[in-house]
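Residues per chain are reported as follows:
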Amino acid sequence: MDPSLAISLVSTFIAVISAYIAQYKKGKLVAPKIRAYRMEPLNFHSGEESYRAVRFYLMLTAINTGARTQAITDLRVRVKGVEGKQDLILEWENEFPCLTSRFADGQFANQATLSPYSSINRVYSFTNLFEPAQGKLVSAMEAACKSDEKKTYPAYLEMRDVDDAWQVLRKFAFRHHGVQNMETNFEKINNI
């Protein structure tokens with residue numbers, strides 16, 4: 001085989017691969033391990049009854065691994081098995097300048113758009129619905145975590161995809177014992 005033809009074939013092959021990576025690779029959104037989060041206990045009333053709620057502040061990094069722009073349109077945190085097989089759902093709420101911000105410093109969370117091969121860093125808050133069933137789950141979690149210092153629940157940061165299905169971005173350990181708390185122990189958060 002002629003050496004110039006071999007070089008031409010190899011360079012064409014490399015150009016096709018480079019074009020795919022630079023222009024066409026779909027990629028996906030990924031979230032690296034979580035560095036820190038903060039909890040804030042809340043109360044609400046429904047009828048004559050008083051219930052507990054929790055506001056969860058999360059430092060989130062999201063990475064686009066592809067050549068197409070991607071957007072985060074909806075997020076939630078699902079805490080598994082709080083009481084039996086019931087899940088506590090924390091809905092996406094606000095965006096903050098930093099993890100220690102006051103609630104008044106937040107603004108409504110908007111869609112984050114990631115350009116090709118880029119990343120974003122945000123602090124978002126999530127809150128459970130102010131419904132009696134969810135309030136009972138928060139109370140059960142607080143009681144379990146108060147009685148056992150090592151008690152954690154598996155939690156999933158999830159993103160809604162284009163088919164309206166929830167896709168897991170990151171699994172982590174969730175612990176709320178009913179008081180304001182900031183968890184910064186990387187091993188404790190990600191060892192689940």
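Here the structure is a predicted model, which means the values were calculated and not measured.

Rules and cut-offs
Residues numbered from 1 in each chain as written. Predicted model: local features only at pLDDT ≥ 70, side-chain atom pairs only at ≥ 80, totals over all residues. Heavy atoms only, no water. Salt bridge = Lys/Arg side-chain N within 4 Å of Asp/Glu carboxyl O. Helix = DSSP H or I, 4+ residues; strand = E, 2+ residues; numbered from the N terminus. Buried < 20%, exposed > 50% of the residue type's maximum accessible area, 1.4 Å probe, protein only. Polar contact = N/O pair within 3.5 Å; in protein donor to acceptor, adjacent residues only side chain to side chain. Contact = heavy atoms within 4.5 Å. Pairing = 2+ DSSP bridges. Core = buried A, V, L, I, M, F, W, Y, C linked by side-chain atoms within 4.5 Å.

A. Looking closely at the pattern of salt bridges. Counted by the stated rule, this structure contains ten salt bridges. Here E158 makes a salt bridge to R78, at a shortest N to O gap of 2.7 Å. Residue E158 is located in strand 10 (residues 153–160), and its partner R78 is located in strand 5 (residues 75–83); the two are separated by 80 residues in the primary sequence. Here E158 and R78 have matching classes, each one buried. A salt bridge links E149 to R175; the nearest nitrogen and oxygen atoms lie 4.0 Å apart. Of the two residues, E149 is situated in the loop between helix 2 (132–147) and strand 10 and R175 in the loop between strand 11 (166–174) and strand 12 (181–183); the sequence distance between them amounts to 26 residues. Of the residues examined, E149 reaches a relative accessible area of 63% and is grouped as exposed. Overall, R175 belongs to the buried group, its relative accessible area being 9%. Three or more residues joined by partner-sharing salt bridges are found here, namely R76, R78, D87 and E158.

B. Representation of the side chain of N128 within the structure. You can see N128 is positioned in strand 9 (residues 119–128). A residue is classified by how much of its surface remains accessible, and N128, at 2% relative accessible area, is buried. Here the side chain of N128 touches V54 through a polar contact of 2.8 Å, landing on its backbone nitrogen. Contacts of N128, omitting those with residues within four sequence positions, involve R52, A53, V54, L88, I89, L90, Q134, G135 and V138.

C. Region of the structure containing the pairing of strand 3 (residues 49–64). Bridge count between strand 1 (residues 29–30) and strand 3: two bridges; the pairing is antiparallel. Bridge assignment links V30 to a residue of strand 3, and that residue is I63. In this structure, strand 2 (residues 37–46) lies alongside strand 3, joined through ten bridges in antiparallel fashion. Bridged to R38 within strand 3 is Y57. The loop that links strand 2 with its antiparallel partner strand 3 comprises two residues; one of these, G47, has a positive phi angle of about 65°. Where strand 3 lies against strand 9, nine bridges are found, and the strand directions are antiparallel. Opposite R55, over in strand 9, you have T127 as the bridge partner.

D. Highlighting the nonpolar core. Membership of the largest hydrophobic core comes to 37 residues, with the highest contact counts inside it found for F56, I72, L75, V79, F126 and F172. What F56 contacts, discounting residues up to four positions off in sequence, is Y37, R38, M39, V77, L90, Y124, S125, F126, F172 and F174. One finds A36, Y57, L99 and V123 within the second-largest nonpolar core, a separate group that totals five residues.

E. Main features of the environment of S18. Locating S18 in the fold gives a position in helix 1 (residues 3–24). In this structure, the C-alpha to C-alpha distance between S18 and R35, residues 17 residues apart in sequence, is 34 Å.

F. Here's a closer look at the environment of R55. Mapping R55 onto the fold places it in strand 3. Judged by its relative accessible area of 9%, R55 falls in the buried class. The sequence separation of R55 and M39 amounts to 16 residues, and the corresponding C-alpha distance is 5.9 Å. The residues touching R55, leaving out its near neighbours within four places in the chain, are R38, M39, E40, L42, E93, F103, S125, F126 and T127. One polar contact links R55 to E93, side chain to side chain, over a distance of 2.9 Å. Looking at R55, its side chain comes within polar contact range of the side chain of T127, at 3.5 Å.

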